[in-house]
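Here is what each chain is made of, one letter per residue.
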Amino acid sequence: MEERISLIKGDITTMQVDAIVNAANSSLLGGGGVDGAIHKAAGPGLAEICRLLGGCETGEAKVTPGLHLPAKYIIHTVGPVWKGGDKGEAELLANCYRSSLNQAKQHDCKTVAIPNIGTGIYRFPKKLAAEIAIIETKKFLESNNLPLTVTFVCFSDENFNIYRDLLDS
Ligand code: APR
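Residues numbered from 1 in each chain as written. Predicted model: local features only at pLDDT ≥ 70, side-chain atom pairs only at ≥ 80, totals over all residues. Heavy atoms only, no water.

Some points on the packing of aromatic side chains
Applying the stated criterion across every chain, the model contains two aromatic pairs. When the centroid spacing of 4.8 Å and the interplanar angle of 65 degrees are considered together, the rings of Trp82 and Phe124 count as edge-to-face. Remark: Phe124 occurs in the loop between β5 (111-114) and α4 (126-142) and Trp82 occurs in the loop between β4 (73-78) and α3 (89-106); sequence separation between them is 42 residues. No difference in accessibility class separates Trp82 from Phe124, as the two residues are buried. Between the aromatic rings of Phe152 and Tyr163, the centroid separation amounts to 5.0 Å while the plane-to-plane angle is 50 degrees, which identifies the pairing as tilted. Here the residue Phe152 occupies a position in strand β6 (residues 149-154), and Tyr163 occupies one in helix α5 (residues 157-168), the gap between them amounting to 11 residues. Considered together, Phe152 and Tyr163 belong to a single accessibility category, that of buried residues. (Phe/Tyr/Trp six-rings, centres within 6.5 Å; stacked < 30°, edge-to-face > 60°. Helix = DSSP H or I, 4+ residues; strand = E, 2+ residues; numbered from the N terminus. Buried < 20%, exposed > 50% of the residue type's maximum accessible area, 1.4 Å probe, protein only.)

Structure (structure tokens):
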């Protein structure tokens, strides 16, 4: 199991994988953070394609081509805005990982890279988000042959250290 999960610190837009996951918003029309970086790297055609998707519910995931990205697909998922923790945020974030991994499987992706969904502009607590990410990913991989590998891509040292400690424990 552990060999199917890896961790790196870097920019997800450079990942040479079958699919990268985007921490989008419900409009799917781009934004700041990793969403902004992905739209910038994929090119203006991405917003055109996303406009046809009619948005995305929190916890759900929709797929587009990667366009100018090295990745073949972008799996857009919408994390919950943190509202203190008693509005179902944890379950919604867990759904982001389940939905994204399911979409990766449906698209025959062998390799997938996932950022730290929800932990930036949406202010989800980083450690809890990392625990949810790791637990849900392990659960999915235990009962699915695809994707073969998942790489957690951390942009900040803080998130990288949190994931490293959790994965090592
Ligand atoms: N590669 C990988 N991770 C990145 C990158 C990048 N190029 N840029 C930012 N990140 C990290 C941030 O450091 C953070 O840990 O992505 C994580 C998620 O933060 P956000 O991108 O702010 O996403 P989120 O908290 O889910 O908020 C989503 O932000 O960008 C808008 O349109 C988006 O409204 C939506 C909201």
